[in-house]
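Below are the chains, spelled out letter by letter.
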Amino acid sequence: MITVVGIICLALLSVSALLAAWFVVRSRNLVDRAIGIDTAVAVVLNGLAVGAAVAAGGYGVEIILLIGLLAFLGTVTVARFIERRGAGPASGQGEGPR
């Protein structure tokens, strides 16, 4: 039963990853791209966690934690860069994906 649930979860996560990639490609400013990439990383981490749960071996938990930590540090770094750059009209903030 866990295998069927795992396959369904991985299929839904694959759709989510494709939508996140589409959002990143369609985004026109740095903030939207950062959000899309952060979402894609979260989807990949969830996929790894589902794979570890289906395998029931607990493999890769350390890798999942490491990637999560690196994603957090990357998000904080991008947020600090955007904050220092400013949110003026020249930065393109406020434009959504088209």
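Above this note sits the structure.
Thresholds, definitions, all that
Residues numbered from 1 in each chain as written. Predicted model: local features only at pLDDT ≥ 70, side-chain atom pairs only at ≥ 80, totals over all residues. Heavy atoms only, no water. Helix = DSSP H or I, 4+ residues; strand = E, 2+ residues; numbered from the N terminus. Buried < 20%, exposed > 50% of the residue type's maximum accessible area, 1.4 Å probe, protein only. Patch = residues over 30% accessible without salt bridge, like charges linked within 9 Å, V, L, I, M, F, W, Y side chains within 5 Å. Areas by Shrake-Rupley, 256 points an atom, 1.4 Å probe, with all protein chains shown as cover. Salt bridge = Lys/Arg side-chain N within 4 Å of Asp/Glu carboxyl O. 1 Å grid on protein atoms, 1.4 Å probe; cavity = no way out; pocket = protein on both sides within 12 Å on 5 of 7 lines; lining within 4 Å. Points joined across faces, edges and corners; volume = space filled by probe spheres on them. Nonpolar A, V, L, I, M, F, W, Y, C, P; charged D, E, K, R; others polar.

Draft legend 1. The environment of Ala 56, seen in detail. For Ala 56, the position within the fold is in the loop between helix 2 (30–55) and helix 3 (61–85). A relative accessible area of 68% places Ala 56 in the exposed class. For Ala 56 and Ile 2, which are 54 residues apart along the polypeptide, the C-alpha to C-alpha distance reads 9.7 Å.

Draft legend 2. View of a nonpolar patch on the surface. A surface patch of nonpolar side chains, amounting to about 560 Å² of accessible area, comprises Leu 66, Leu 69, Leu 70, Phe 72, Leu 73 and Val 76. By the secondary structure assignment, Leu 69 is in helix 3. Assessed through its relative accessible area of 47%, Leu 69 is described here as partly exposed.

Draft legend 3. Local environment of the environment of Ala 11. Mapped onto the fold, Ala 11 is located in helix 1 (residues 2–26). With 36 residues separating them in the primary sequence, Ala 11 and Gly 47 have C-alpha atoms 9.5 Å apart.

Draft legend 4. Focus on the layout of surface pockets. Of the voids in this model, the largest pocket is the one considered here, and its volume is about 200 Å³. In terms of lining, the largest pocket is formed by 14 residues, of which the most central are Ala 34, Asp 38, Gly 74, Thr 75 and Val 78. Of all the elements in the fold, those that place two or more residues in the lining of the largest pocket are helix 2 and helix 3. Class assignment of the residues belonging to the lining of the largest pocket gives a composition of 10 nonpolar, two polar and two charged.

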